[in-house]
Amino acid sequence: MGFLAATLEPHIRIFQLSPVTNGLMFIISGGTYALTAPLVGRICDRWIYPKRVLGIGTLFIITSYIIIGPAPFLNIPKTLSLCIIGLVIHGFGIAGLMVPTFIDSICSAIAAGFPDDLSTYGVISGLWSSSFALGAFVGPSVSGYLFDVVGFQYGTFFVISTHLLLFIVITCFIAAEKKRNISPKRVRLLSLATDSSSEDEEEFLKSKVTNTWAENISANGRPTRYGTIIDVEVSA
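This section reports on the structure supplied with the text. (Residues numbered from 1 in each chain as written. Predicted model: local features only at pLDDT ≥ 70, side-chain atom pairs only at ≥ 80, totals over all residues. Heavy atoms only, no water.)

1. Focus: the environment of Leu 166
With respect to the helices, strands and loops of the structure, Leu 166 is situated in helix H6 (residues 151-179). Of the residues examined, Leu 166 reaches a relative accessible area of 34% and is grouped as partly exposed. Setting aside residues no more than four positions away along its own chain, Leu 166 makes contact with Thr 58 and Leu 97. (Helix = DSSP H or I, 4+ residues; strand = E, 2+ residues; numbered from the N terminus. Buried < 20%, exposed > 50% of the residue type's maximum accessible area, 1.4 Å probe, protein only. Contact = heavy atoms within 4.5 Å.)

Shown next, in the form of structure tokens:
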């Protein structure tokens, strides 16, 4: 996102667009992200493990920069339609990166033993926001330098290579979790509590997930008034 913030306008200057059209080009990626982020969040909550969505998001980002460039190895001319298509794909990729990171950070922290309360959510939110702000500073700085030195097309190789490395790391991490028999399906139940004893409360939470997900459930720790992380083992 930061790479395009500093280099998109010089990249599309050749098309001699009006100021209004230039502005519209900048909202294509953000608009696509805004529309798809709720759907991605729903997918992460209900169907697909967030780290897998992260991997898909990196592939979308790589594809978008290859198209927007376009990458030199494609040997095709730069056109406005290609830039628009690439920006739409970039919006999907941003949604596939930003939403799952926050969801999986909370789930992983609680599964690792952190308390399932607002203090943990605050720490995760602070770390996520700080990381985003750091990227928003580093991205335009690096992209501006690369644009001056090697141009937009070859500068995109920096983004492509970093996301390719991220995809490899995510794939290895998922493989390591699978080897350790860690369930890829995690459900975060918030604000579910009963007035009964702790044992009955845990059974109540299990039954809530059973009706939606699966029959064999193992819980990590006892639920609190803010919820709990529950690993769901889906039988074949």
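On we go.
2. Some remarks on the packing of aromatic side chains
All chains considered together, the criterion is met by seven aromatic pairs. Ring centres 5.8 Å apart and planes at 5° place the aromatic pair Trp 128 and Phe 132 in the stacked group. Residue Trp 128 and its partner Phe 132 are both found in helix H5 (residues 118-149); the two are separated by four residues, about one turn of the helix. Overall, the relative accessible area of 26% leaves Trp 128 in the partly exposed class. Joined through ring pairs, the aromatic side chains of Phe 3, Tyr 65 and Phe 152 make up one cluster. (Phe/Tyr/Trp six-rings, centres within 6.5 Å; stacked < 30°, edge-to-face > 60°.)

3. Things to note about the nonpolar core
With 24 residues, the main nonpolar core has Phe 3, Leu 4, Met 25, Ile 61, Tyr 65 and Leu 87 as its most contacted residues. Those elements giving two or more residues to this core turn out to be helix H1 (2-12), helix H2 (19-46), helix H3 (50-68), helix H4 (80-111) and H6. The leading source of residues in this core is H3, at six residues. Apart from residues lying up to four places away in sequence, Phe 3 is in contact with Tyr 65, Gly 139, Ser 143, Leu 146, Phe 152, Gly 155, Thr 156 and Val 159. Ranked by size, the runner-up nonpolar core spans eight residues in total, among them Val 40, Val 53, Val 99 and Cys 107. (Core = buried A, V, L, I, M, F, W, Y, C linked by side-chain atoms within 4.5 Å.)

4. Describing the side chain of Asn 22
With respect to the helices, strands and loops of the structure, Asn 22 is situated in helix H2. Judged by its relative accessible area of 16%, Asn 22 falls in the buried class. Sequence-distant contacts of Asn 22, defined by excluding residues within four places in its chain, comprise Ile 12 and Leu 17.

5. As for H5
Here H5 contains 32 residues, and its C-alpha end-to-end distance of 46 Å stays within 8% of the 46 Å for a straight helix at 1.5 Å per residue. Along H5, the residues classified as buried are Thr 120, Tyr 121, Ile 124, Gly 139, Ser 143 and Leu 146. Backbone geometry just after H5 places Gly 151 at a positive phi near 90°. (Expected span 1.5 Å × (residues − 1).)

So, to be careful, I would describe these as geometric facts and stop short of saying anything about function.
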